[in-house]
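One letter stands for each residue in the lines below.
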Amino acid sequence: MKKILLATILLASSSLFGAGTEAGTDITNQATLSYSAGGVAQPDVTSNPDTFKVDKKVDMVLVTTDTAQTEVTPGQQDQITNYEFRNEGNANQYFKFTIDNLANDQEADYNTLKDNDDVNNLEIQCTYTDGSGTTQTATWANSFTIEVKQDTNATCQVRADIKTDAQGGKDRDVMNVELLATAVTDSSGNTAETESSSDTQDSVDVVLADGVSGNTLGSSDSGKGDTPKDGKEAARSGYKIVTPVLSVNKTSCVISDPVNDTNNPKRIPGAIIRYMFDITNTGTGDVSNLKITDTIDSNLDLTDTKASAKKDENVTSCSCGTEPSTDISADTTVNGQDVTIENINVANGGKHSCVSIEVEIK
(Lines give C-alpha, C1' and ligand atoms only; values in the text may rest on other atoms or scores of the structure.)
Protein backbone atom coordinates (compact mmCIF):
# COMPACT_ATOMS: atom_id res chain seq x y z
CA MET A 1 0.00 0.00 0.00
CA LYS A 2 1.31 3.45 -0.89
CA LYS A 3 1.50 6.21 1.68
CA ILE A 4 -0.25 9.57 1.24
CA LEU A 5 2.56 12.09 1.08
CA LEU A 6 0.68 15.42 0.96
CA ALA A 7 -2.88 16.56 1.53
CA THR A 8 -4.45 20.04 1.61
CA ILE A 9 -8.03 21.08 2.28
CA LEU A 10 -9.58 24.10 0.55
CA LEU A 11 -12.84 25.65 1.72
CA ALA A 12 -15.10 27.26 -0.84
CA SER A 13 -17.72 29.71 0.39
CA SER A 14 -20.52 31.49 -1.41
CA SER A 15 -20.52 34.28 1.20
CA LEU A 16 -18.22 35.53 3.96
CA PHE A 17 -19.87 36.02 7.33
CA GLY A 18 -19.47 39.45 8.89
CA ALA A 19 -21.07 41.47 11.68
CA GLY A 20 -23.22 43.36 9.21
CA THR A 21 -24.36 40.40 7.06
CA GLU A 22 -28.07 40.70 6.42
CA ALA A 23 -30.38 38.38 8.29
CA GLY A 24 -31.60 35.49 6.14
CA THR A 25 -28.46 35.40 4.01
CA ASP A 26 -27.43 31.82 3.11
CA ILE A 27 -23.86 31.01 4.05
CA THR A 28 -22.60 28.01 2.08
CA ASN A 29 -19.21 26.34 2.56
CA GLN A 30 -17.81 23.28 0.72
CA ALA A 31 -14.49 21.60 1.44
CA THR A 32 -12.17 20.26 -1.26
CA LEU A 33 -9.52 17.68 -0.31
CA SER A 34 -6.41 17.70 -2.52
CA TYR A 35 -3.65 15.14 -2.00
CA SER A 36 -0.83 13.15 -3.53
CA ALA A 37 0.04 9.51 -3.11
CA GLY A 38 3.47 8.20 -4.00
CA GLY A 39 4.36 11.55 -5.48
CA VAL A 40 1.42 11.42 -7.82
CA ALA A 41 -1.44 13.95 -7.56
CA GLN A 42 -4.74 12.26 -6.98
CA PRO A 43 -8.22 13.43 -7.90
CA ASP A 44 -9.75 16.00 -5.53
CA VAL A 45 -12.31 14.84 -3.06
CA THR A 46 -15.18 17.27 -2.49
CA SER A 47 -17.32 17.39 0.63
CA ASN A 48 -21.00 18.02 0.73
CA PRO A 49 -21.94 21.74 0.91
CA ASP A 50 -22.94 23.05 4.33
CA THR A 51 -25.50 25.86 4.31
CA PHE A 52 -26.97 27.90 7.13
CA LYS A 53 -28.97 31.11 7.36
CA VAL A 54 -27.68 34.22 9.14
CA ASP A 55 -29.85 34.91 12.18
CA LYS A 56 -31.46 38.27 12.90
CA LYS A 57 -29.64 40.55 15.30
CA VAL A 58 -31.99 43.19 16.67
CA ASP A 59 -29.91 46.13 17.81
CA MET A 60 -30.63 49.84 18.06
CA VAL A 61 -29.47 53.02 19.75
CA LEU A 62 -31.63 55.96 20.85
CA VAL A 63 -30.10 59.13 22.30
CA THR A 64 -31.16 62.67 23.03
CA THR A 65 -29.13 65.30 21.20
CA ASP A 66 -30.05 67.91 23.83
CA THR A 67 -27.38 68.89 26.33
CA ALA A 68 -29.74 70.43 28.90
CA GLN A 69 -33.44 70.83 29.57
CA THR A 70 -35.25 73.12 27.12
CA GLU A 71 -35.95 76.41 28.90
CA VAL A 72 -39.64 77.33 28.81
CA THR A 73 -42.16 79.63 30.46
CA PRO A 74 -45.64 78.79 31.79
CA GLY A 75 -48.26 78.42 29.07
CA GLN A 76 -45.89 77.93 26.12
CA GLN A 77 -47.03 75.38 23.53
CA ASP A 78 -45.26 73.00 21.13
CA GLN A 79 -41.92 73.10 22.93
CA ILE A 80 -39.33 70.78 21.41
CA THR A 81 -36.81 68.20 22.65
CA ASN A 82 -34.54 66.36 20.18
CA TYR A 83 -33.44 62.76 19.62
CA GLU A 84 -31.55 60.51 17.20
CA PHE A 85 -32.18 56.82 16.57
CA ARG A 86 -30.22 54.20 14.64
CA ASN A 87 -31.18 50.70 13.55
CA GLU A 88 -27.90 48.86 14.12
CA GLY A 89 -29.31 45.40 13.50
CA ASN A 90 -28.64 43.32 10.40
CA ALA A 91 -32.16 43.60 8.97
CA ASN A 92 -34.90 46.11 8.36
CA GLN A 93 -36.84 46.28 11.59
CA TYR A 94 -40.16 47.56 12.90
CA PHE A 95 -39.99 49.75 15.99
CA LYS A 96 -42.73 51.20 18.12
CA PHE A 97 -42.02 54.71 19.44
CA THR A 98 -43.81 56.02 22.54
CA ILE A 99 -43.38 59.13 24.67
CA ASP A 100 -44.36 59.73 28.28
CA ASN A 101 -43.70 61.90 31.31
CA LEU A 102 -41.20 60.54 33.80
CA ALA A 103 -42.12 60.05 37.44
CA ASN A 104 -41.01 62.52 40.09
CA ASP A 105 -37.27 62.51 40.94
CA GLN A 106 -36.28 60.86 37.63
CA GLU A 107 -33.39 62.47 35.73
CA ALA A 108 -32.66 63.25 32.10
CA ASP A 109 -29.64 61.64 30.41
CA TYR A 110 -27.37 64.69 30.60
CA ASN A 111 -27.65 66.06 34.16
CA THR A 112 -29.07 65.39 37.61
CA LEU A 113 -31.99 67.84 37.62
CA LYS A 114 -34.83 65.80 39.07
CA ASP A 115 -38.35 65.76 37.66
CA ASN A 116 -41.02 67.41 39.82
CA ASP A 117 -43.89 68.06 37.38
CA ASP A 118 -45.39 66.98 34.03
CA VAL A 119 -46.00 68.56 30.64
CA ASN A 120 -49.19 68.28 28.60
CA ASN A 121 -50.00 66.90 25.14
CA LEU A 122 -46.80 64.95 24.45
CA GLU A 123 -46.31 63.96 20.79
CA ILE A 124 -43.50 62.51 18.62
CA GLN A 125 -42.34 63.14 15.07
CA CYS A 126 -39.64 61.05 13.32
CA THR A 127 -38.02 61.30 9.89
CA TYR A 128 -36.50 57.99 8.80
CA THR A 129 -35.61 55.68 5.91
CA ASP A 130 -38.11 52.85 5.48
CA GLY A 131 -37.42 49.27 4.38
CA SER A 132 -37.60 50.23 0.72
CA GLY A 133 -35.05 53.00 1.13
CA THR A 134 -37.59 55.84 0.95
CA THR A 135 -37.41 58.81 3.31
CA GLN A 136 -40.59 59.04 5.36
CA THR A 137 -41.96 61.20 8.17
CA ALA A 138 -44.18 59.79 10.87
CA THR A 139 -45.66 62.90 12.33
CA TRP A 140 -47.05 64.09 15.64
CA ALA A 141 -48.69 61.31 17.57
CA ASN A 142 -48.27 59.95 21.08
CA SER A 143 -47.05 56.65 19.59
CA PHE A 144 -46.52 55.00 16.21
CA THR A 145 -44.85 51.96 14.63
CA ILE A 146 -42.45 52.34 11.69
CA GLU A 147 -40.10 50.08 9.74
CA VAL A 148 -36.54 51.43 9.74
CA LYS A 149 -34.00 50.27 7.17
CA GLN A 150 -30.93 48.56 8.61
CA ASP A 151 -27.86 50.74 9.25
CA THR A 152 -29.81 54.01 8.91
CA ASN A 153 -30.56 56.85 11.29
CA ALA A 154 -33.82 58.54 12.19
CA THR A 155 -34.19 62.01 13.68
CA CYS A 156 -37.04 62.52 16.10
CA GLN A 157 -38.57 65.44 17.94
CA VAL A 158 -40.93 65.51 20.88
CA ARG A 159 -43.23 68.45 21.45
CA ALA A 160 -45.18 69.36 24.56
CA ASP A 161 -47.32 72.10 26.06
CA ILE A 162 -46.18 73.68 29.30
CA LYS A 163 -48.62 74.11 32.15
CA THR A 164 -49.98 77.59 32.62
CA ASP A 165 -49.61 79.45 35.88
CA ALA A 166 -53.21 78.54 36.70
CA GLN A 167 -52.40 74.85 36.07
CA GLY A 168 -49.46 74.99 38.48
CA GLY A 169 -46.56 75.77 36.14
CA LYS A 170 -43.99 77.70 38.16
CA ASP A 171 -40.43 78.88 38.07
CA ARG A 172 -37.74 76.18 38.50
CA ASP A 173 -40.10 73.30 37.71
CA VAL A 174 -38.36 70.41 35.90
CA MET A 175 -40.41 68.18 33.58
CA ASN A 176 -38.40 65.24 32.23
CA VAL A 177 -39.77 62.95 29.51
CA GLU A 178 -38.76 59.58 28.09
CA LEU A 179 -38.83 58.54 24.44
CA LEU A 180 -38.92 54.75 24.13
CA ALA A 181 -38.21 52.64 21.03
CA THR A 182 -39.35 49.01 21.24
CA ALA A 183 -38.46 46.38 18.63
CA VAL A 184 -41.63 44.74 17.30
CA THR A 185 -42.27 41.93 14.84
CA ASP A 186 -44.43 43.86 12.39
CA SER A 187 -46.69 46.88 11.98
CA SER A 188 -49.21 45.38 14.41
CA GLY A 189 -46.77 46.10 17.25
CA ASN A 190 -46.11 42.63 18.67
CA THR A 191 -42.99 42.79 20.81
CA ALA A 192 -39.91 41.07 19.41
CA GLU A 193 -38.32 38.37 21.56
CA THR A 194 -35.06 36.43 21.55
CA GLU A 195 -35.43 32.87 20.21
CA SER A 196 -35.22 30.68 23.30
CA SER A 197 -34.95 27.29 21.59
CA SER A 198 -31.78 25.65 20.28
CA ASP A 199 -30.15 26.95 17.13
CA THR A 200 -31.87 26.05 13.89
CA GLN A 201 -29.49 26.05 10.95
CA ASP A 202 -31.97 26.51 8.14
CA SER A 203 -34.20 29.21 9.65
CA VAL A 204 -33.74 32.76 10.93
CA ASP A 205 -33.71 33.07 14.71
CA VAL A 206 -34.01 36.40 16.52
CA VAL A 207 -31.42 37.68 18.99
CA LEU A 208 -32.00 40.88 20.97
CA ALA A 209 -28.63 42.61 21.20
CA ASP A 210 -29.37 46.16 22.31
CA GLY A 211 -27.03 47.61 24.89
CA VAL A 212 -24.28 44.98 24.63
CA SER A 213 -21.88 46.42 22.05
CA GLY A 214 -20.45 49.67 20.78
CA ASN A 215 -22.60 51.97 18.68
CA THR A 216 -22.16 54.79 16.19
CA LEU A 217 -24.06 57.54 17.98
CA GLY A 218 -21.43 58.17 20.62
CA SER A 219 -23.54 57.54 23.71
CA SER A 220 -23.26 54.92 26.38
CA ASP A 221 -24.84 51.60 25.45
CA SER A 222 -27.05 51.53 28.50
CA GLY A 223 -28.39 54.92 29.54
CA LYS A 224 -30.85 55.87 32.24
CA GLY A 225 -33.90 53.63 31.93
CA ASP A 226 -32.17 51.08 29.65
CA THR A 227 -31.86 47.34 30.24
CA PRO A 228 -29.53 45.39 27.91
CA LYS A 229 -31.01 42.74 25.60
CA ASP A 230 -34.67 43.60 26.21
CA GLY A 231 -35.41 45.00 22.74
CA LYS A 232 -35.99 48.49 24.11
CA GLU A 233 -33.99 51.71 24.05
CA ALA A 234 -34.88 54.80 26.04
CA ALA A 235 -33.68 58.40 25.81
CA ARG A 236 -34.53 61.03 28.39
CA SER A 237 -34.66 64.77 27.89
CA GLY A 238 -36.86 67.44 29.41
CA TYR A 239 -37.97 70.97 30.10
CA LYS A 240 -37.20 73.55 32.78
CA ILE A 241 -39.36 76.55 33.56
CA VAL A 242 -37.28 79.72 33.61
CA THR A 243 -39.51 82.72 34.28
CA PRO A 244 -39.62 85.92 36.31
CA VAL A 245 -41.30 85.84 39.71
CA LEU A 246 -42.30 89.40 40.49
CA SER A 247 -43.58 91.27 43.51
CA VAL A 248 -44.15 94.98 43.96
CA ASN A 249 -44.25 97.01 47.16
CA LYS A 250 -45.54 100.58 47.11
CA THR A 251 -44.48 103.01 49.84
CA SER A 252 -44.70 106.77 50.30
CA CYS A 253 -42.60 109.38 52.06
CA VAL A 254 -42.82 113.17 52.38
CA ILE A 255 -40.01 115.11 50.72
CA SER A 256 -40.89 118.70 51.66
CA ASP A 257 -43.77 120.91 52.77
CA PRO A 258 -44.38 124.69 52.37
CA VAL A 259 -43.82 125.35 56.09
CA ASN A 260 -40.79 123.22 57.01
CA ASP A 261 -39.30 122.78 53.55
CA THR A 262 -37.08 119.66 53.88
CA ASN A 263 -36.51 119.99 57.63
CA ASN A 264 -38.74 117.34 59.18
CA PRO A 265 -41.56 117.93 56.66
CA LYS A 266 -45.16 116.83 57.24
CA ARG A 267 -47.93 115.68 54.91
CA ILE A 268 -49.85 118.96 54.76
CA PRO A 269 -51.41 120.60 51.70
CA GLY A 270 -48.62 121.68 49.38
CA ALA A 271 -46.30 118.91 50.60
CA ILE A 272 -44.43 116.84 48.01
CA ILE A 273 -45.01 113.12 48.38
CA ARG A 274 -42.78 110.53 46.77
CA TYR A 275 -44.31 107.19 45.86
CA MET A 276 -41.77 104.38 45.52
CA PHE A 277 -42.53 101.17 43.61
CA ASP A 278 -40.09 98.45 44.71
CA ILE A 279 -40.27 95.70 42.06
CA THR A 280 -38.43 92.50 43.04
CA ASN A 281 -37.68 89.54 40.76
CA THR A 282 -36.91 86.34 42.67
CA GLY A 283 -37.34 84.10 39.61
CA THR A 284 -34.74 82.64 37.25
CA GLY A 285 -35.84 84.66 34.21
CA ASP A 286 -35.25 88.34 33.48
CA VAL A 287 -38.16 90.63 32.67
CA SER A 288 -38.06 93.53 30.22
CA ASN A 289 -40.50 96.24 29.13
CA LEU A 290 -42.55 95.90 32.30
CA LYS A 291 -45.35 98.47 32.70
CA ILE A 292 -46.77 99.99 35.89
CA THR A 293 -50.26 101.49 35.97
CA ASP A 294 -51.62 103.31 39.01
CA THR A 295 -54.63 105.50 39.75
CA ILE A 296 -53.63 108.30 42.09
CA ASP A 297 -56.05 109.77 44.64
CA SER A 298 -57.84 112.90 43.39
CA ASN A 299 -56.51 114.90 46.37
CA LEU A 300 -53.05 114.70 44.84
CA ASP A 301 -51.86 116.99 42.03
CA LEU A 302 -50.17 115.14 39.16
CA THR A 303 -49.33 118.23 37.11
CA ASP A 304 -45.56 117.81 37.40
CA THR A 305 -45.42 114.00 37.67
CA LYS A 306 -43.86 113.46 34.23
CA ALA A 307 -40.94 115.63 35.15
CA SER A 308 -40.36 113.88 38.48
CA ALA A 309 -40.58 110.18 37.55
CA LYS A 310 -37.27 108.33 37.96
CA LYS A 311 -35.91 104.75 38.16
CA ASP A 312 -32.92 102.65 39.17
CA GLU A 313 -32.81 99.13 37.68
CA ASN A 314 -31.25 95.90 38.96
CA VAL A 315 -30.12 97.11 42.36
CA THR A 316 -30.01 95.26 45.67
CA SER A 317 -32.75 97.28 47.45
CA CYS A 318 -35.05 100.30 47.23
CA SER A 319 -35.69 103.00 49.82
CA CYS A 320 -38.34 105.69 49.54
CA GLY A 321 -35.91 108.11 51.14
CA THR A 322 -33.41 107.69 48.28
CA GLU A 323 -34.45 109.17 44.95
CA PRO A 324 -33.60 107.01 41.90
CA SER A 325 -31.09 108.47 39.49
CA THR A 326 -32.49 108.06 35.96
CA ASP A 327 -35.18 110.40 34.63
CA ILE A 328 -37.98 108.48 32.90
CA SER A 329 -40.33 111.30 31.96
CA ALA A 330 -40.29 110.01 28.37
CA ASP A 331 -41.67 106.66 29.59
CA THR A 332 -44.34 108.19 31.86
CA THR A 333 -47.87 109.05 30.79
CA VAL A 334 -50.43 110.93 32.91
CA ASN A 335 -54.09 110.85 31.96
CA GLY A 336 -56.21 112.54 34.56
CA GLN A 337 -55.34 110.69 37.77
CA ASP A 338 -54.02 107.62 35.91
CA VAL A 339 -50.26 107.17 35.68
CA THR A 340 -48.55 104.68 33.31
CA ILE A 341 -44.80 104.02 33.46
CA GLU A 342 -43.27 101.78 30.79
CA ASN A 343 -39.95 100.18 29.78
CA ILE A 344 -38.89 98.86 33.18
CA ASN A 345 -36.42 95.96 33.33
CA VAL A 346 -35.76 93.67 36.28
CA ALA A 347 -32.99 91.05 36.33
CA ASN A 348 -33.50 87.64 37.94
CA GLY A 349 -32.04 86.34 41.17
CA GLY A 350 -33.52 88.77 43.70
CA LYS A 351 -32.74 92.03 41.91
CA HIS A 352 -34.83 95.16 42.53
CA SER A 353 -35.91 97.95 40.22
CA CYS A 354 -36.93 101.15 42.00
CA VAL A 355 -39.43 103.47 40.31
CA SER A 356 -40.59 106.73 41.89
CA ILE A 357 -43.05 109.50 41.12
CA GLU A 358 -43.55 112.71 43.07
CA VAL A 359 -46.92 114.39 43.57
CA GLU A 360 -48.26 117.31 45.57
CA ILE A 361 -51.02 117.24 48.16
CA LYS A 362 -53.72 119.65 47.06
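Further up the page is the structure itself.
Residues numbered from 1 in each chain as written. Predicted model: local features only at pLDDT ≥ 70, side-chain atom pairs only at ≥ 80, totals over all residues. Heavy atoms only, no water.

Quick notes on the pattern of salt bridges
When the charged atoms of two side chains with opposite charge come close together, those side chains can pair.
In step 1: Taken as a whole, this structure holds 15 salt bridges when the rule is applied.
In step 2: For the salt bridge of Arg274 with Glu323, the shortest nitrogen-to-oxygen distance reads 3.9 Å. Separated by 49 residues along the polypeptide, Arg274 in strand β19 (residues 272-281) and Glu323 in the loop between β22 (310-315) and β23 (326-327) bring together distant segments of the chain.
In step 3: On the accessibility criterion, Arg274 (5% relative accessible area) is buried.
In step 4: If you follow the salt bridges from partner to partner, you end up with Arg274, Lys310, Glu323 and Glu358 in one network. (Salt bridge = Lys/Arg side-chain N within 4 Å of Asp/Glu carboxyl O. Helix = DSSP H or I, 4+ residues; strand = E, 2+ residues; numbered from the N terminus. Buried < 20%, exposed > 50% of the residue type's maximum accessible area, 1.4 Å probe, protein only.)

Let's talk about the packing of aromatic side chains
In step 1: Considering all chains together, one arrives at three aromatic pairs under this definition.
In step 2: Centre to centre, the rings of Phe85 and Phe97 are 5.1 Å apart; their planes meet at 75 degrees, and the pair counts as edge-to-face. Of the two residues, Phe85 sits in strand β9 (residues 79-87) while Phe97 sits in strand β10 (residues 93-101), which places them 12 residues apart along the sequence. Like Phe97, Phe85 is buried.
In step 3: Arranged with centres 6.0 Å apart and planes meeting at 40 degrees, the rings of Phe97 and Phe144 form a pair that is tilted. Here Phe97 is found in strand β10, whereas its partner Phe144 is found in strand β13 (residues 143-148), with 47 residues between them in sequence. In this structure, Phe97 and Phe144 share a single accessibility class: buried. (Phe/Tyr/Trp six-rings, centres within 6.5 Å; stacked < 30°, edge-to-face > 60°.)

As for unusual backbone geometry
Where the residue is not glycine, phi is negative for most of them; where a peptide bond is considered, it is trans in most cases.
In step 1: Even without a glycine there, the phi angle at Trp140 is positive, about 45 degrees.
In step 2: The backbone of Lys229 shows a phi angle near 60 degrees, a positive value even though the residue is not glycine.

Description of the side chain of Asp210
In step 1: In this fold, Asp210 is placed in the loop between β16 (206-208) and β17 (232-241).
In step 2: Buried within the structure, Asp210 lacks any salt-bridge partner; Lys229 is the closest side chain of opposite charge, at an N-O distance of 9.3 Å.
In step 3: One polar contact links the side chain of Asp210 to the main-chain amide nitrogen of Asp230, over a distance of 3.4 Å.
In step 4: The contacts of Asp210, once residues within four sequence positions are left out, are Val58, Asp59, Met60, Thr227, Pro228, Lys229, Asp230, Gly231, Lys232 and Glu233. (Lys, Arg positive; Asp, Glu negative; His and termini not counted. Polar contact = N/O pair within 3.5 Å; in protein donor to acceptor, adjacent residues only side chain to side chain. Contact = heavy atoms within 4.5 Å.)

What about the environment of Ala37?
In step 1: Among the structural elements, Ala37 can be located in strand β2 (residues 26-37).
In step 2: Taking the C-alpha atoms as reference points, Ala37 and Pro258, separated by 221 residues in sequence, lie 135 Å from one another.

Overview of the pairing of strand β14 (residues 152-161)
In step 1: Pairing between β9 and β14: nine bridges, direction antiparallel. Pairing of Thr81 across the sheet is with Val158, part of β14.
In step 2: Relative to β14, strand β11 (residues 120-129) runs antiparallel, the two being bridged by six bridges. Looking across to β14, one finds that Asn120 is bridged to Asp161. (Pairing = 2+ DSSP bridges.)

As for the state of the cysteines
In step 1: Per the stated rule, a full pass over the model turns up three disulfides.
In step 2: Disulfide pairing places Cys253 opposite Cys320 at an S-S distance of 2.2 Å. Across the disulfide from Cys253 to Cys320, rotation about the S-S bond amounts to roughly -90 degrees, and the bridge is consequently left-handed. In this pair, Cys253 is assigned in strand β18 (residues 246-256) and Cys320 in the loop between β22 and β23, connecting sequence segments 67 residues apart. (Disulfide = S-S within 2.5 Å.)

Overview of the sheet that holds strand β25 (residues 338-346)
In step 1: Reading across the sheet, the three strands line up as β20-β25-β24 and stay open at both edges, with antiparallel pairing between neighbours. Two strands close off the open sheet at either side, each with one partner strand: β20 (287-295) and β24 (332-335). The sheet shows a mean angle of 20 degrees between the axes of neighbouring strands, direction not considered.
In step 2: Sheet topology note: the β24/β25 ladder contains four bridges and is antiparallel. Of the residues in β25, the one forming a bridge with Val334 is Val339. (Axes fitted to C-alpha atoms, helices over the stretch in contact; angles between N-to-C directions.)

Topic: the sheet that holds β13
In step 1: If you walk across this open sheet you meet the five strands as β8-β17-β15-β10-β13, and the pairing is mixed. Edge strands, defined here as strands with exactly one partner in the open sheet, are β8 (70-72) and β13. Ignoring which end each strand starts from, the neighbouring axes of this sheet average 25 degrees apart.
In step 2: Note: β10 against β13, six bridges, orientation antiparallel. Residue Thr98 lies in a different strand from β13, and its bridge partner there is Ser143.

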